[in-house]
Amino acid sequence: MPLKYIEKRVSLLLPWGVGLTTIFVLTGSISDPVNTTKLLLAGACAGALLFVLGVKGITSIWDKNKSFVSALGLFVIFSIWAILMSDSPLVQNIYGVYGRNTGLLTYFVLAIFSVSAVVLENEKQIRKLLIAFLAAGAVNLTYGLWAWQFGDFVAWNNIYGNLLGTFGNPNFMGAFLGMLFAVVLAYTIAPKIPMKYRFAGFALLILISFEIVETHAVQGVVVSAGAALLCGFFWIWFQFRSKLLTLFYVAMSAVLGIFAVLGALQIGPLTELIYKRSVSLRGAYWHAGKEMGLMHPFTGVGMDSYGNWYRRARTGSAVTDMPGAEVTSNAAHNVFLDFFAYGGFPLLITYVAIVVIGLISFLRVAKRQITFNPLLIALGVSWMCFQAQSLISINQIGLAIWGWVFTGALVAYERITRVDSANIGTETPSKAKALKQNKNQSDFDSTGLRAFLGLIIGILISIPPFTADVSYQTALNARSAGSMEKALVSNYFKPTDSYRLANTVQIFEKSNLPELARKYAQIGVEFNPDYTDAWKMLYYVTGATVEEKAKAKTELIRLDPLNPAWKELS
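Small disclaimer: the values here were computed from a predicted structure and weren't measured.

Trainee: Even after reading the chapter, I still don't get the overall build of the protein chain, so can you show me in this structure?
Mentor: Secondary structure summary: the protein chain contains 26 helices and zero strands in total. For 570 residues, the compact-globule formula gives about 25 Å, and the C-alpha radius of gyration of the protein chain, at 25 Å, lands near that figure. Each principal axis of the C-alpha distribution contributes one length, and for the protein chain these read about 85 × 60 × 50 Å. Sorting the 570 residues of the protein chain into buried and exposed places 52% on the buried side. When contacts within the protein chain are restricted to residue pairs at least 6 apart in sequence, long-range pairs at least 24 apart make up 75% of them. Of the roughly 25200 Å² of accessible surface on the protein chain, 67% is carried by carbon and sulfur atoms. A distance of 11 Å separates the average location of the 46 positive side-chain charges in the protein chain from that of its 33 negative side-chain charges.

Here it is in structure tokens:
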């Protein structure tokens with residue numbers, strides 16, 4: 001099959017897949033309306049993309065972008081290696097923990113999206129990605145306005161009233177809006193844009209800024225401010241080509257950046273705007289992630305297994321001061337440190353390589369530009385904003401998918417601009433195109449059949465966390481012990497989860513069903529011996545024997561050695 005039909009099908013599937021993944025949520029029949037649903041849709045689309053690419057498409061990508069494909073391939077290989085060497089449950093490594101779902105499957109899906117973006121062959125196809133991003137942004141802005149004016153129609157557990165968007169979290173919403181700010185600003189300040197569109201752009205920027213404030217998320221402020229500075233830098237450079245003016249702008253931006261960092265550290269005039277308690281907490285989470293990687297430099301602790309190790313890796317001050325002995329985390333709140341914890345130096349280095357290749361691609365394309373190119377600046381600056389927020393945040397599927405896709409798009413853009421002049425005059429003559437029209441349509445239709453088959457297989461592979469959650473939520477709604485036990489019977493479509501087991505123990509204990517509570521407490525510690533809450537359940541459950549309590553105390557001390565509370569247990 002001609003490669004151009006593969007490229008055409010990918011250019012259609014990719015914007016739809018990434019855009020719908022961002023906005024797709026499902027409530028009512030599921031306890032986690034965001035992560036399992038986005039993983040399901042992203043997995044289905046990734047399956048379709050992979051089957052469309054096939055051997056021919058992947059071979060073509062390899063021939064054109066060996067370094068990038070190698071980095072992605074090594075990232076997946078080292079993720080699998082981390083799983084094989086991990087003490088955490090296999091299903092947790094594959095599907096991730098409840099409420100995150102950032103295990104091997106998610107990163108394999110993101111890698112497929114990223115490598116698919118490399119197939120894009122022209123600016124028009126890359127522009128479709130930005131249109132999809134703007135469409136997802138329009139949905140979130142409209143949703144945000146509705147929630148602000150009339151109340152949120154989604155049944156979130158939103159006690160603070162912040163705007164959550166289709167991410168279920170104000171921090172992710174704020175970061176996404178910051179990236180959206182970058183895209184809109186790049187087109188708004190572009191030279192020769194009609195005045196009516198410029199006014200519309202500024203109005204949209206005001207709306208985005210307002211909703212960022214309503215998220216009450218530092219990430220949104222930081223990302224949008226960074227977007228403004230970066231867009232300003234490129235505008236000045238392309239407009240004036242003055243090294244002196246550019247250096248002055250960079251110096252002023254650096255001063256503002258220093259004040260921002262000081263504000264995050266509770267120093268200086270920007271403290272009130274930037275500092276939040278969560279900023280201080282991140283220091284403890286970062287340290288723990290670093291320690292996990294150093295303790296397991298070549299293997300890590302396993303994919304999405306940070307939570308199993310946090311208490312063992314935290315400092316004494318994290319116990320006695322902030323965040324406190326009873327506060328835990330299942331992510332480092334820094335994507336790079338998460339990967340260091342998950343897979344040690346091999347996984348960290350390969351991820352850094354992926355990011356560096358994306359950055360080099362962007363800078364190469366920018367160097368080739370003569371004038372301010374809003375498409376390039378929008379793509380590159382929003383990508384840089386994603387990387388910036390990843391230094392202080394967690395990977396969330398609906399947001400991370402843009403970072404990975406934009407990386408692949410930048411690599412494609414670099415190739416397009418590199419070979420564009422060599423392709424002049426190589427188009428197939430129109431008469432020859434007409435003669436081959438029927439065959440072309442047949443070839444293109446066959447990619448559709450492959451996409452459909454891949455979609456079905458992608459659904460079957462990524463659906464287990466979703467069906468397990470639906471089954472468990474159905475059992476909770478039924479308020480029946482039998483339904484709860486049935487929902488916890490492990491099979492392919494209902495993988496066991498530590499959180500659900502611990503939650504079930506609490507439900508049975510409160511329902512005066514001590515034997516069932518003890519039964520599932522025992523199952524919990526057997527399934528995941530490194531899950532602190534599982535041992536807590538076993539220790540405190542009514543029916544626990546003296547031997548079980550003694551074992552639970554020993555394990556709690558092992559898993560949380562700096563917490564004096566466990567040593568004081570009787």
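And the narrative resumes.
Trainee: Explain the side chain of Ser-329 to me, please; I cannot follow it from the model alone.
Mentor: Along the polypeptide, Ser-329 turns up in the loop between helix H14 (316–320) and helix H15 (335–368). Of note is the side chain of Ser-329, whose polar atom sits 2.7 Å from the backbone oxygen of Ala-331. Each residue touching Ser-329, except ones within four places of it in the same chain, is listed here: Tyr-285, Tyr-306, Gly-307 and Tyr-310.

Trainee: What is the right way to read helix H13 (residues 306–313) from this model?
Mentor: Since the α-helix advances by 3.6 residues per turn, residues separated by three or four positions end up pointing in the same direction. In terms of residue burial, H13 counts as a mostly covered element, since seven of its eight residues are buried. Residues Tyr-306, Asn-308, Trp-309, Tyr-310, Arg-311, Arg-312 and Ala-313 constitute the buried set of H13.

Trainee: Which parts of the structure should I look at to understand the packing of helix H7 (residues 170–188) against helix H16 (residues 374–389)?
Mentor: Helix packing for two helices is described by the angle between their axes and how far apart those axes are. Two elements in contact, H7 and H16, have axes whose closest approach is 8 Å; the angle formed by their N-to-C orientations is 160 degrees. Classed by the angle they form, the pair H7 and H16 counts as roughly antiparallel. Read as a crossing pair, H7 and H16 show a hand that is right-handed. Between H7 and H16, the residues in contact are Ala-175, Met-179, Ala-182, Val-183, Ala-186 and Tyr-187 and Pro-374, Leu-375, Ile-377, Ala-378, Val-381, Ser-382, Cys-385, Phe-386 and Gln-389, respectively. Tallied by class, the residues present in the contact of H7 with H16 amount to 13 nonpolar, two polar and no charged.

Trainee: Help me understand the state of the cysteines, please; the structure alone is not making it clear to me.
Mentor: What is meant by a disulfide is a covalent connection between two cysteines, made through their sulfur atoms. In the structure shown here, the tally under the stated rule is zero disulfides. For the unlinked cysteine Cys-231, the closest cysteine sulfur is that of Cys-385, found at 7.4 Å.

Trainee: Got a minute to help me understand the confidence of the model for the protein chain in this structure?
Mentor: Residues shown with low pLDDT carry predicted positions that ought not to be read at fine detail. Across the protein chain, the average pLDDT comes to 91, with 91% of residues at or above 70. Per-residue pLDDT stays below 50 along residues 421–438; that stretch engages in three contacts with residues further than four places along the chain or on separate chains.

Trainee: How should unusual backbone geometry be read in this particular structure?
Mentor: Trans peptide bonds make up most of the peptide bonds, and negative phi angles are found at most residues other than glycine. The step from Met-322 to Pro-323 runs through a cis peptide bond, and the omega angle for that step is 5 degrees. Looking at the element boundaries, Pro-323 is found in the loop between H14 and H15. The backbone of Lys-192 shows a phi angle near 70 degrees, a positive value even though the residue is not glycine. Along the chain, the position of Lys-192 falls in the loop between H7 and helix H8 (195–215). Despite not being glycine, Asp-304 has its phi angle at roughly 55 degrees, a positive value. Position of Asp-304 among the secondary structure elements: in the loop between helix H12 (277–295) and H13. Note on Asp-304: relative accessible area 1%, which makes it buried.

Trainee: In this structure, what is going on with the environment of Ile-6? I would like to understand it.
Mentor: Relative to the helices and strands, Ile-6 is located in helix H1 (residues 3–23). In this structure Ile-6 comes out as buried when scored by relative accessible area, which is 1%. Taking the C-alpha atoms as reference points, Ile-6 and Gly-448, 442 residues apart in sequence, are found 9.6 Å from one another.

Trainee: In this structure, what is going on with helix H20 (residues 464–478)? I would like to understand it.
Mentor: With 15 residues, H20 ought to run about 21 Å at 1.5 Å a step, and its terminal C-alpha atoms sit 21 Å apart, in line with that. Every buried residue of H20 is accounted for by Pro-464, Pro-465, Phe-466, Ala-468, Asp-469, Tyr-472, Gln-473 and Ala-475. Once H20 finishes, Arg-479 follows within two positions and takes phi at roughly 55 degrees, a positive value.

Trainee: I tried to follow a nonpolar patch on the surface on my own but got confused; where do I start?
Mentor: A contiguous nonpolar surface patch, about 730 Å² in accessible area, is contributed by Phe-452, Leu-453, Ile-456, Ile-457, Leu-460, Ile-461, Tyr-492 and Phe-493. Along the chain, Leu-453 turns up in helix H19 (residues 437–462). Here Leu-453 falls in the partly exposed class, since its relative accessible area comes to 46%.

Trainee: Before we go on, may I ask you to explain the packing of aromatic side chains in this structure?
Mentor: When we look at a pair of aromatic rings, we describe it by the centre distance and by the angle of the planes. Here the structure, examined in full by the defined rule, presents 29 aromatic pairs. Look at Tyr-98 and Tyr-499: their rings are 4.4 Å apart centre to centre, the planes differ by 5 degrees, and that puts the pair in the stacked class. With a gap of 401 residues between them, Tyr-98 in the loop between helix H4 (90–95) and helix H5 (104–117) and Tyr-499 in helix H22 (residues 498–510) connect regions that are remote in the sequence. Summarising the aromatic geometry, the rings of Phe-133 and Phe-406 are spaced 5.8 Å apart at their centres and angled 55 degrees between planes, so their arrangement reads as tilted. One end of the pair, Phe-133, is in helix H6 (residues 123–150); the other, Phe-406, is in helix H17 (residues 397–419), and 273 residues separate them in sequence. Three or more aromatic residues link up through ring pairs in this structure, and these residues are Phe-75, Tyr-107, Phe-336, Phe-339, Tyr-342, Tyr-351 and Trp-404. A cation over a ring is seen here: Arg-312 above Trp-309, with NZ or CZ 3.6 Å from the ring centre.

Trainee: Is there a simple way to explain the pattern of salt bridges in this structure?
Mentor: Summed over the entire model, instances satisfying the criterion amount to 15 salt bridges. With its nearest N and O atoms 3.9 Å apart, the salt bridge here joins Arg-127 to Glu-123. Residue Arg-127 and its partner Glu-123 are located together in helix H6, separated by four residues, close to a single helical turn. One salt bridge connects Lys-519 with Glu-485, and the closest N-O pair in it is separated by 2.9 Å. You can see Lys-519 sitting in helix H23 (residues 514–527) and its partner Glu-485 sitting in helix H21 (residues 481–487), a full 34 residues away along the chain. One continuous salt-bridge network, built from bridges that share partners, spans Arg-312, Asp-530, Lys-551, Glu-555 and Arg-558.

Rules behind the numbers
Residues numbered from 1 in each chain as written. Predicted model: local features only at pLDDT ≥ 70, side-chain atom pairs only at ≥ 80, totals over all residues. Heavy atoms only, no water. Helix = DSSP H or I, 4+ residues; strand = E, 2+ residues; numbered from the N terminus. Rg over C-alpha atoms; globule rule 2.2 N^0.38 Å. Buried < 20%, exposed > 50% of the residue type's maximum accessible area, 1.4 Å probe, protein only. Contact = heavy atoms within 4.5 Å. Areas by Shrake-Rupley, 256 points an atom, 1.4 Å probe, with all protein chains shown as cover. Lys, Arg positive; Asp, Glu negative; His and termini not counted. Charge placed at Lys NZ, Arg CZ, Asp CG, Glu CD. Polar contact = N/O pair within 3.5 Å; in protein donor to acceptor, adjacent residues only side chain to side chain. Axes fitted to C-alpha atoms, helices over the stretch in contact; angles between N-to-C directions. Parallel < 35°, antiparallel > 145°, perpendicular 65-115°, else oblique. Left-handed = near helix turned anticlockwise from the far one by under 90°. Nonpolar A, V, L, I, M, F, W, Y, C, P; charged D, E, K, R; others polar. Disulfide = S-S within 2.5 Å. pLDDT = per-residue confidence, 0-100. Expected span 1.5 Å × (residues − 1). Patch = residues over 30% accessible without salt bridge, like charges linked within 9 Å, V, L, I, M, F, W, Y side chains within 5 Å. Salt bridge = Lys/Arg side-chain N within 4 Å of Asp/Glu carboxyl O. Phe/Tyr/Trp six-rings, centres within 6.5 Å; stacked < 30°, edge-to-face > 60°. Lys NZ or Arg CZ within 6 Å of the ring centre and 35° of its normal.

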